[in-house]
Amino acid sequence: MTPAGHAALQAELHELWHVERPKVTEIVSWAASLGDRSENADYQYGKRRLRQIDSRVRFLRRRLDRAEVVDARDQKRRDQVFFGATVTYAREDDTEVTVTIVGMEEAVAEQGRISWVSPVARALLGKRVGDLVKLRTPAGVEEIEVVKIFYPEREA
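Values in this document were obtained by computation on a predicted structure and should not be read as measured data.

Visitor: Where do I start with unusual backbone geometry in this structure?
Guide: Trans peptide bonds make up the majority, and among non-glycine residues the majority have a negative phi. The backbone of D94 sits at a positive phi, close to 70°, despite the residue not being glycine. The residue D94 is located in the loop between β1 (86-90) and β2 (96-102) in this model.

Okay, structure coming up:
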């Protein structure tokens, strides 16, 4: 994943564990002190929310432990498409599409950020400007051409 994606997951984990979970725990404790828990909506909702938070925290911790952070600014071979590249490709109808290849948790298609395991990214990986690529789509096979490859630069 990218450094930004890693930081976002760390921030989410911190928010859940250090901010939201203590608040929900406090509400559950207060609701439990009221007595009958079977008809206590605050207690039932709070317990459900705690289970959701704990599940997400476990997922985030596992993901962060296994994450390999790749900074596209360190890419040496900038003439080929690798993880972190921003690629512009031309479709058969002469429209151009620009995408950035990121980790699975960072992918937001509407923002042009696609997962490295997506069909488009897998087709583009390793290609150079001018390469023609066959892309399998639900409508059939489409040929796309790599027009531009961009990697961010390190700030001086």
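Visitor: Looking at this model, I keep getting lost on the pairing of strand β5 (residues 140-150). Mind explaining?
Guide: Consecutive side chains of a regular strand alternate in pointing toward one face of the sheet and then the other. Direction of pairing for β1 relative to β5: antiparallel, over a ladder of five bridges. Bridge pairing in β5 links Y89 to V146. The sheet contact formed by strand β4 (residues 132-137) and β5 spans six bridges and is antiparallel. Looking across to β5, one finds that L135 is bridged to E142. The turn linking β4 back onto β5 is made up of two residues.

Visitor: What exactly am I supposed to notice about helix α2 (residues 41-66) here?
Guide: Note on helix geometry: an α-helix contains 3.6 residues per turn, so any two residues three or four positions apart are oriented the same way. End to end, α2 covers 38 Å across 26 residues, agreeing with the expected 38 Å (1.5 Å per residue, within 8%). Where α2 is buried, its residues meet α1 (3-33). At the N-terminal boundary of α2, the capping side chain belongs to N40, with an oxygen 3.1 Å from the backbone nitrogen of D42.

Visitor: How do you make sense of the environment of E155 when you look at a structure like this?
Guide: Mapped onto the fold, E155 is located in the segment after β5. Once the C-alpha coordinates of E155 and A107 are considered, the two residues, 48 residues apart in sequence, prove to be 24 Å apart.

Visitor: Sorry if this is basic, but what is going on with the sheet that holds β4 here?
Guide: Sheet strands line up and pair through hydrogen bonds in the backbone, either parallel or antiparallel. Taken in spatial order, the five strands make up an open sheet running β3-β2-β1-β5-β4, and their pairing is mixed. Looking at the sheet topology across the chains shown, the edges are occupied by β3 (113-115) and β4. Pairwise comparison of adjacent strand axes, ignoring direction, gives a mean angle of 45° for this sheet.

Visitor: Could you clarify how one ought to interpret the pattern of salt bridges in this entry?
Guide: A side chain of one charge can pair with a side chain of the opposite charge when the charged atoms of the two come close. A full pass over the atoms with the stated rule returns nine salt bridges. Between R56 and E12 there is a salt bridge, and its shortest N-O distance comes to 2.8 Å. A residue pair is termed long-range when its members are at least 10 positions apart, and R56 in helix α2 and E12 in helix α1 qualify at 44 residues. A salt bridge links R21 to D54, with the shortest nitrogen-to-oxygen separation between them at 2.6 Å. In this pair, R21 sits in helix α1 while D54 sits in helix α2, placing the two residues 33 residues apart along the sequence. Residue class for R21 comes out partly exposed when judged on its relative accessible area of 23%. Take D54: its relative accessible area is 21%, and that puts it in the partly exposed class.

Visitor: What is the right way to look at the packing of α1 against α2 in this model?
Guide: Each pair of packed helices can be described by the angle between their axes along with the distance between the axes. Axis separation between α1 and α2 bottoms out at 9 Å; the angle between their running directions is 155°. Classified by the interaxial angle, the pair formed by α1 and α2 is roughly antiparallel. The two elements α1 and α2 meet at a crossing, and its hand is left-handed. Classifying every residue of the contact of α1 with α2 gives 16 nonpolar, four polar and 10 charged.

Visitor: When you look at the confidence of the model for the protein chain in this model, what are you seeing that I'm missing?
Guide: For residues with low pLDDT, the predicted coordinates do not support detailed interpretation. The predicted model of the protein chain averages 92 in pLDDT, with 99% of residues at 70 or higher. Of all secondary-structure elements in the protein chain, the lowest mean pLDDT belongs to β4, at 90, while β1 reaches the highest, 96.

Visitor: Explain a nonpolar patch on the surface here, please?
Guide: Among the surface-exposed residues, I27, W30 and L34 lie close enough to one another that they form a single nonpolar patch of about 320 Å² accessible area. Summarising the element assignment, I27 is placed in helix α1. When its relative accessible area of 43% is taken as the criterion, I27 is described as partly exposed.

About the thresholds
- Residues numbered from 1 in each chain as written.
- Predicted model: local features only at pLDDT ≥ 70, side-chain atom pairs only at ≥ 80, totals over all residues.
- Heavy atoms only, no water.
- Helix = DSSP H or I, 4+ residues; strand = E, 2+ residues; numbered from the N terminus.
- Pairing = 2+ DSSP bridges.
- Expected span 1.5 Å × (residues − 1).
- Contact = heavy atoms within 4.5 Å.
- Polar contact = N/O pair within 3.5 Å; in protein donor to acceptor, adjacent residues only side chain to side chain.
- Axes fitted to C-alpha atoms, helices over the stretch in contact; angles between N-to-C directions.
- Salt bridge = Lys/Arg side-chain N within 4 Å of Asp/Glu carboxyl O.
- Buried < 20%, exposed > 50% of the residue type's maximum accessible area, 1.4 Å probe, protein only.
- Parallel < 35°, antiparallel > 145°, perpendicular 65-115°, else oblique.
- Left-handed = near helix turned anticlockwise from the far one by under 90°.
- Nonpolar A, V, L, I, M, F, W, Y, C, P; charged D, E, K, R; others polar.
- pLDDT = per-residue confidence, 0-100.
- Patch = residues over 30% accessible without salt bridge, like charges linked within 9 Å, V, L, I, M, F, W, Y side chains within 5 Å.
- Areas by Shrake-Rupley, 256 points an atom, 1.4 Å probe, with all protein chains shown as cover.

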